[in-house]
Amino acid sequence: MLFRAITILLKASLLSLLFGGAVLAEEAKPIAITDDRGIKVDVPATPKRVAAISYFGVDLMLALGLKPIATTYMVKGREPDFLLGRTGDLPQIGQRAKPNLELLAEAKPDLIVAMRRYTEGNAAQYQKIAPYLAYNLELYDDSDRTILQLATLLGKKERAEQLNAEFKQDLAAFAAKAPKGVHPRFQVMWAGDAPWTFYNENMTAAILTALGGENIAGNNPAPYKVDNFGVEMSLETMLEKDPEVIFVYDYGPDRPNENNPIWSSLSAVKNGRVYYVGDQWVEAHGPIAREVVLREAAHYLYPDVFPKPDVKAEAAKLIPAAPK
């Protein structure tokens, strides 16, 4: 009897090892994901070490209760308020437009999440380090889609669906509260001799438009063109369109447009309604950034209706106290 019992136990253990191993092998099988290059990338079924080239990956992972192993910065030494300074203790792998590939390799990621336009030229090098997903992260439509795809890969699909639904509800609620029949002319731009100005389809411009603002750049006249999300606009054209509110992506002190005498003739400048906005406006596609931008945009367009938000307080509502 004892011998028979031992034999049965050994067989059961062997079957468990065999089938258990098969299950583990199945779980470990890579998943094919098509990124915004239109390329299928085999990524780990459960990535644990994610490197983020741009703040989008950090933004999303913090909102999911996770944390990347490395990230880039926008301006060295500047920790974004909308991420509560959580990037400060992450290994930095360089500026987002020119990441250091050696530092990236040293971080030993099992997945790289990147902005396409900054990394596509070196795609082969990134792919040698780890599977690499490249996202556009420019247009309003890029936000929900990219959040859902990446969060699903990270095992947080339901949370992503909740975040997307909540932002849709929040945007509708703020738009409903905005004054009716009031459409402040606005411009979203990078500083320059001929400021780079964003069309309505751009993420931040789309939020402003949804709140009732009127974008002086209007809609993209050629949406079929790749990366055609904005236009260089001369100061003469700006004066003609005369924005009432100007949002400047605050990347640094070099603002040659302000040396042009036309600049001081603009209504937004004369009325003190030029806002040098933070990093969340530059990379507004993540669940934290877009919620902060929504509240800031509402205040800047309608300061008598919406109070100025506390960026860190708003971010804290979406970032768990101790991300893993």
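Residues numbered from 1 in each chain as written. Predicted model: local features only at pLDDT ≥ 70, side-chain atom pairs only at ≥ 80, totals over all residues. Heavy atoms only, no water.

1. Topic: the packing of aromatic side chains
Working step 1: Counting across every chain of the model gives 12 aromatic pairs.
Working step 2: Their ring planes at 20° and their centres at 5.4 Å tell us that Phe 174 and Phe 306 sit as a pair that is stacked. Highlighted residues: Phe 174 in helix H7 (residues 157–177) and Phe 306 in the loop between helix H12 (287–301) and helix H13 (311–316), separated in sequence by 132 residues.
Working step 3: With a relative accessible area of 18%, Phe 174 lands in the buried category.
Working step 4: A centroid spacing of 6.0 Å and a plane angle of 55° characterise the contact between Phe 247 and Tyr 300, whose relative ring orientation is tilted. Of this pair, Phe 247 sits in strand E12 (residues 245–249) while Tyr 300 is found in helix H12, placing the two residues 53 residues apart along the sequence. The two residues Phe 247 and Tyr 300 agree in class, both being buried.
Working step 5: One aromatic cluster is present, built from ring pairs that chain together Trp 190, Trp 196, Phe 198, Phe 229 and Tyr 249. (Phe/Tyr/Trp six-rings, centres within 6.5 Å; stacked < 30°, edge-to-face > 60°. Helix = DSSP H or I, 4+ residues; strand = E, 2+ residues; numbered from the N terminus. Buried < 20%, exposed > 50% of the residue type's maximum accessible area, 1.4 Å probe, protein only.)

2. Structural notes on the side chain of Asn 220
Working step 1: For Asn 220, the location among the structural elements is in the loop between strand E10 (214–215) and strand E11 (230–232).
Working step 2: Under the relative-accessibility criterion, Asn 220 is labelled buried at 12%.
Working step 3: Engagement of the side chain of Asn 220 in a polar contact is seen with the backbone nitrogen of Ala 222, the distance being 2.9 Å.
Working step 4: Not counting residues up to four positions away in its chain, the partners in contact with Asn 220 are Tyr 199, Glu 201 and Asn 228. (Polar contact = N/O pair within 3.5 Å; in protein donor to acceptor, adjacent residues only side chain to side chain. Contact = heavy atoms within 4.5 Å.)

3. What to know about the sheet that holds strand E7 (residues 132–135)
Working step 1: Taken together, five strands build an open sheet; the order of strands is E5-E4-E3-E6-E7 and the sheet is parallel. Each edge of the sheet is formed by a strand with only one pairing partner; in this case those strands are strand E5 (92–95) and E7. With strand direction ignored, the average angle separating the axes of adjacent strands in the sheet is 15°.
Working step 2: When strand E3 (residues 50–53) meets strand E6 (residues 111–115), the two strands line up parallel, connected through four bridges. Bridge pairing links Ala 51 to Ile 112 in E6.
Working step 3: Packed onto the sheet, helix H2 (residues 55–63) meets E3 and strand E4 (70–73) and runs at close to 130° relative to E4.
Working step 4: Set on the sheet, helix H6 (residues 141–153) makes contact with E6 and E7; between it and E7 the angle comes to about 165°. (Pairing = 2+ DSSP bridges. Axes fitted to C-alpha atoms, helices over the stretch in contact; angles between N-to-C directions.)

4. Comments concerning H2
Working step 1: Most of H2 sits inside the fold, with nine of its nine residues counted as buried.
Working step 2: The inward-facing, buried residues of H2 abut E3, E4, H6, H7, helix H11 (279–282) and H12.
Working step 3: Here H2 starts with a cap whose side-chain oxygen sits 3.2 Å from the backbone nitrogen of Phe 56, and that cap is Ser 54.
Working step 4: Trailing H2 by a residue or two, Gly 65 shows a phi angle of about 80°, which is positive.

5. So, the pairing of E6
Working step 1: Burial within E6 is extensive, with five of its five residues counted as buried.
Working step 2: Residues Leu 111, Val 113 and Met 115 line one face of E6 and the alternating positions Ile 112 and Ala 114 line the opposite face, and both faces are buried.

6. Structural notes on unusual backbone geometry
Working step 1: Here Leu 84, not a glycine, exhibits a phi torsion of approximately 55°, which is positive.
Working step 2: Structurally, the position occupied by Leu 84 is in the loop between E4 and E5.
Working step 3: Accessibility expressed as a relative area gives 26% for Leu 84, which makes it partly exposed.
Working step 4: Phi at Leu 137 takes a positive value of approximately 55°, unusual for a residue other than glycine.
Working step 5: As for its placement among the helices and strands, Leu 137 is situated in the loop between E7 and H6.

Geometry only, nothing functional implied.
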